[in-house]
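As a plain string of letters, each chain reads:
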Protein chains: 2
Amino acid sequence: MKLVLLSGGSGKRLWPLSNDSRSKQFLRVLEGEDGKPESMVERVWRQLDAAGLRRSSYVATNRAQKEMIASQLGGDVPVIVEPERRDTFPAIALAASYLYSEENVSLDTAVAVMPVDPYVEDGFFGHVGKLESVLAETGANLALIGVVPSHPSEKYGYIVPSGAEPSAGGALGVGHFREKPSREAADQLIAEGALWNCGVFAFRLGYLIGMLADRGYPIRHGELLDRYGELPKISFDYEVVEREEKVVVLPYDGYWKDLGTWNTLTEEIGSPTIGKGIVTDDAEGTHLINELDIPVTVIGAGGLVVAASPDGILVTTKEASPRIKDVIGGGSPRPMYEERRWGRYKVVDYVKYPEGYEVLTKRILIRAGSHISYQLHRKRSEVWTIVSGVADIVLNERPYHVKPGDVVRVPEGTRHSIKGITDVELIEVQTGSELIEEDIVRICMDWDEIPTNQFIG
Amino acid sequence: MKLVLLSGGSGKRLWPLSNDSRSKQFLRVLEGEDGKPESMVERVWRQLDAAGLRRSSYVATNRAQKEMIASQLGGDVPVIVEPERRDTFPAIALAASYLYSEENVSLDTAVAVMPVDPYVEDGFFGHVGKLESVLAETGANLALIGVVPSHPSEKYGYIVPSGAEPSAGGALGVGHFREKPSREAADQLIAEGALWNCGVFAFRLGYLIGMLADRGYPIRHGELLDRYGELPKISFDYEVVEREEKVVVLPYDGYWKDLGTWNTLTEEIGSPTIGKGIVTDDAEGTHLINELDIPVTVIGAGGLVVAASPDGILVTTKEASPRIKDVIGGGSPRPMYEERRWGRYKVVDYVKYPEGYEVLTKRILIRAGSHISYQLHRKRSEVWTIVSGVADIVLNERPYHVKPGDVVRVPEGTRHSIKGITDVELIEVQTGSELIEEDIVRICMDWDEIPTNQFIG
């Protein structure tokens, strides 16, 4: 059995902590095993390991999240990257083609697909593992997991069983699906034995590869990547699940929760205060999550979520918190904090002058042994002040050693890279006419080809 | 008549916008004449001008506020600076000695003393002007202004008239004083005709100079400055007003308010949002004052004050807001934003490394024609990246011109200064073992003595 974890999300629902490169699943707000903060992705990865499924797992995601996944789960996690954002049907098709042509997985192998961030107890993954035998035993084309509802939620989709007797493995036939019912309809659905759709399903690899072939799409990964833009922008649920007749559901009667909004997330956060700040005792039910160095003080105001990051500061009642998406609107301002393969950065100051140029100051960490790509910028100069650790840098093919207190000027057009010998921190001041992350021209250079004795300084 | 405005305050009550160098009176949160933001000090100064009292006015303050006053009111405002913080009796005695020996004010001249920041209508200053004739006409040693109460406040002090008939000028004899009564006692006091003590009083200069001489204190300013530490730490109210028998009060029946806490201040702020951010319509009665570049979003939470500055972020119900002083506690962390005689700075990033050194990044503005003192630091290096405007700098007696993109290194012990030719902005990265404002050795240097043709660059 293979497992594909879908990691997507535009990241607006948990603004300001989430942004386009750091969706909710990457926020380290949960309490991990030894009390250390843990993200939803890290938690699921740890649970997969415990369930013996980690070596069979792949992450399907987009470019923006690729580095974040490497940063949180390690660089050896197999990641299948969409060339552009479409929807879950194209993403799952792409993952299937990867397993087929890149990993040589046999067409008989069961593939389970699930979101990368369900908040569940460990037993959930035992159920995911059972889907393989459910497929074999029932002869179904699709096997879903349905969560036994704990309350008549209006937010979830429901899977209504067909009423037939369960299989030996406990799976039920599926009658139909129902999205976000009213409270009354939800009561009725639960009385009929309906289950919550938690977005977990399995099929044999041959099922999806056959479907692609039938429709005239390439089944080899490289070709499908090239023609990815031709795949319809549609969800797997609409395109496949709801049209399939041979579909069964395996009930899961345990803890499951979608931590997608501030009010559901804060229910799972143990400490009322994460980060620098104070919440007075009489501010009952208020959660503070502060990623800034600036202290936050909450006095007497209960039932709030106060969340602060370099992207913004949110103060909301818990009930009103799901409105954040609408209030923030469609714009995607530049992320003020990002984790990358080589480390992380935080924007600490930004000014746009009326004269038409901009100044942006970052604090950057480059991890020991990691480096940024060899690159140049067309529209900005950079000044680096090394403040901690030691590093190697290359400027227009000349290598240097740098240490705290050293200042490096990188004028427009200068080819440059930096590699941490130890963890190294620097303050970068960018000045130029247009300061965007996309202003990068990457140049081939192999760090290992620079003889050690050539470094200056 | 001369007017002495007392400017003090530790600045905790309006945290995080106020700090030790920027007390509440300097916050630009009021709406000025043409809709421009205005501080309490700027408002009073404008009202004094309109009342014809500005040329007779002096500001008595401490070192920490001296530069802020110059920045907001202009460098030509006469400022009398306490050598150390004591209390209002010593501060007023010092001001009296200044008027006597430095300004040669005659001993018969009336001196009115008032806080620098009452929130009043213009007519209030007409009453202040009348105190001179009240003193002359009644023969009293002290003439106070008493505000006709609008409600039985438990927060203010009351002046209880003696019951005698008013003088021709409308002044009443004073029976006794009563501090912060209970609600019931306040009702009773108002029924007896008591007035709020708004901290405004007048005396003839000779009255206070005579008092100093009687007690063996110097009456000349220079000598009193030298022996300032000998003056008792006591308020003028306790030391003088409540002991004086010949004291009258002039009733003022108009608008007066002490904008000392967030709940009283926000009642006078027109716009619910100052600075970058959004308050949703259903968050009724919530005020947002944001001095950060980071946007603040308030959703659905009513009756709050949300205030953000580089020093901190406050979220409080209006009723609970006076508790801020207790919650913040006694510590005085370094100010993250200051206005100075030469411009202003903002701390944008600060890190203390476990290895025992610190990194602090500031964005600094130096105004055209202004300069910092010629100085050196013993425990820190600085790197300046000029990002806007042009300036002259001096490093170890060598003068240079600098422009945007130039980088200036100022290692420990380097003598340095910078003077704006235009307004100039720079990003300063400080690194060192102890980053405190006090690590400054000032050296004599006259900018005007550097011949223009000696500048390099």
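Placed above this text is the structure.
Cut-offs applied
- Residues numbered from 1 in each chain as written.
- Chains lettered and ligands numbered in written order.
- Predicted model: local features only at pLDDT ≥ 70, side-chain atom pairs only at ≥ 80, totals over all residues.
- Heavy atoms only, no water.
- Helix = DSSP H or I, 4+ residues; strand = E, 2+ residues; numbered from the N terminus.
- Rg over C-alpha atoms; globule rule 2.2 N^0.38 Å.
- Buried < 20%, exposed > 50% of the residue type's maximum accessible area, 1.4 Å probe, protein only.
- Contact = heavy atoms within 4.5 Å.
- Areas by Shrake-Rupley, 256 points an atom, 1.4 Å probe, with all protein chains shown as cover.
- 1 Å grid on protein atoms, 1.4 Å probe; cavity = no way out; pocket = protein on both sides within 12 Å on 5 of 7 lines; lining within 4 Å.
- Points joined across faces, edges and corners; volume = space filled by probe spheres on them.
- Nonpolar A, V, L, I, M, F, W, Y, C, P; charged D, E, K, R; others polar.
- Salt bridge = Lys/Arg side-chain N within 4 Å of Asp/Glu carboxyl O.
- Phe/Tyr/Trp six-rings, centres within 6.5 Å; stacked < 30°, edge-to-face > 60°.
- Lys NZ or Arg CZ within 6 Å of the ring centre and 35° of its normal.
- Buried area = accessible area lost by both parts, 1.4 Å probe.
- Polar contact = N/O pair within 3.5 Å; in protein donor to acceptor, adjacent residues only side chain to side chain.
- Pairing = 2+ DSSP bridges.
- Least-squares fit on C-alpha atoms with pLDDT ≥ 70 in both.
- Right-handed = clockwise from strand over helix to strand, strands pointing away.

## Description of the overall build of chain A
When its secondary structure is counted, chain A shows 10 helices and 30 strands. Against the globule reference of 23 Å for 457 residues, chain A gives a C-alpha radius of gyration of 25 Å, in line with a compact fold. On the principal axes, the C-alpha backbone points of chain A span a range of 75 × 60 × 45 Å. Looking at chain A residue by residue over its 457 residues, the buried ones come to 56%. Counting only contacts in chain A whose residues sit at least 6 apart along the sequence, the fraction spanning at least 24 positions is 67%. For chain A, the accessible area works out to roughly 18800 Å², and carbon and sulfur atoms hold 47% of it.

## Comments concerning empty space enclosed by the protein
Residue and element names in this part refer to chain B. This model, assessed by the stated rule, comprises 1 cavity of 30 Å³ or more. Quantified by volume, the largest cavity comes out at close to 50 Å³. Along the walls of the largest cavity sit Gly157, Tyr158, Phe177, Arg178, Glu179, Asn197, Asp237 and Glu242, which together make up its complete lining. Partitioned by chemical class, the residues of the lining of the largest cavity number 2 nonpolar, 2 polar and 4 charged.

## Regarding helix H1 (residues 40–50) of chain A
For an α-helix, the turn length of 3.6 residues means that residues three or four places apart are oriented alike. H1 of chain A sits mainly inside the fold: 8 of its 11 residues count as buried. Every buried residue belonging to H1 of chain A is among Met40, Val41, Glu42, Arg43, Val44, Trp45, Gln47 and Leu48 of chain A, and all of these are buried.

## Examining the pattern of salt bridges
Residue and element names in this part refer to chain B. Tallying each qualifying case throughout the model produces 51 salt bridges over all chains. Across the pair Lys24 and Asp258 runs a salt bridge whose closest N-O atoms are separated by 3.8 Å. A residue pair is termed long-range when its members are at least 10 positions apart, and Lys24 in the loop between strand S1 (2–6) and strand S2 (30–31) and Asp258 in the loop between strand S13 (256–257) and helix H9 (262–267) qualify at 234 residues. By relative accessible area, which is 12% here, Lys24 ends up buried. Residue Asp258 is classed as partly exposed on the basis of its relative accessible area, which comes to 28%.

## A closer look at the packing of aromatic side chains
Per the counting criterion, the structure on display carries 24 aromatic pairs over all chains. Aromatic rings pair up to connect Phe89, Phe201, Phe203, Tyr207 and Phe236 of chain A into one cluster. Sitting over the face of the ring of Tyr119 of chain B, Arg43 of chain B holds its NZ or CZ atom 4.0 Å from the ring centroid. In this arrangement the basic side chain of Lys362 of chain B is found over the ring face of Tyr345 of chain B, its NZ or CZ atom lying 3.8 Å from the centre.

## Thoughts on the interface of chain B and chain A
Each partner contributes to the interface: chain B provides 52 residues, whereas chain A provides 52 residues. Each partner contributes to the roughly 4000 Å² buried at the junction of chain B and chain A, and carbon and sulfur atoms together form 64% of this total. A salt bridge links Asp349 of chain A to Arg363 of chain B; the nearest nitrogen and oxygen atoms lie 2.4 Å apart. Taken together, chain B and chain A are joined by 22 residue pairs in polar contact (both at pLDDT 80 or more). Per-element tally for the side of chain B that touches chain A: the top contributor is strand S19 (residues 312–317) of chain B, with 6 residues. Partitioning the side of chain B that touches chain A into residue classes produces 30 nonpolar, 13 polar and 9 charged. By the bridge criterion, 4 bridges tie strand S17 (residues 296–299) of chain A to S19 of chain B in an arrangement that is parallel. Within S19 of chain B, the residue paired with Ile299 of chain A across the bridge is Thr316 of chain B.

## A closer look at the relation of the copies chain B and chain A
Applying a rotation about an axis and a shift along it to one chain copy brings it onto the other copy. By a simple turn and slide, chain B fits onto chain A: the slide is 0.0 Å along the axis, the RMSD is 0.1 Å, and the turn is 180°. A rotation of that kind, with that shift, is consistent with a two-fold axis. It is Val348 of chain B whose C-alpha, among those of chain B, lies nearest the rotation axis, at 2.8 Å. When the interface residues of chain B are mapped onto chain A, 100% of them again fall at the interface, so both copies present the same face.

## Describing the pairing of strand S5 (residues 79–82) of chain B
Alternating residues of S5 of chain B divide into Ile80 and Glu82 of chain B, all buried, and Val79 and Val81 of chain B, none buried. As for the winding sense of the linkage, the β-α-β connection from strand S4 (residues 57–62) of chain B through helix H2 (residues 63–73) of chain B to S5 of chain B is right-handed.

## Comments concerning the sheet that holds strand S18 (residues 304–309) of chain A
Across a sheet, strands are paired by hydrogen bonds formed along the backbone, either parallel or antiparallel in direction. Strand order in the open sheet formed by 6 strands is S14(A)-S16(A)-S18(A)-S19(A)-S17(B)-S15(B), with mixed pairing between adjacent strands. The open sheet has two free edges, formed respectively by strand S14 (273–274) of chain A together with strand S15 (277–279) of chain B, since each of these has just one partner strand. Judged from the 4 bridges that link them, strand S16 (residues 287–290) of chain A and S18 of chain A form a sheet pairing that is parallel. Bridge pairing links His287 of chain A to Val305 of chain A in S18 of chain A.

## A word on the pairing of strand S11 (residues 195–204) of chain B
Residue and element names in this part refer to chain B. Burial analysis of S11 places 8 of its 10 residues in the buried class, which makes it a mostly covered element. Sheet topology places strand S6 (residues 110–115) next to S11; 4 bridges connect them, and they run antiparallel. By the bridge assignment for S11, Val111 is matched with Phe203. Here 4 bridges tie strand S8 (residues 142–147) to S11, and the two strands are oriented antiparallel to one another. What sits directly across from Gly146, in S11, is Asn197. For strand S9 (residues 158–161) and S11, the ladder comprises 2 bridges, and the chain directions are antiparallel. Its bridge partner lying in S11, Ile159 is registered against Leu195.

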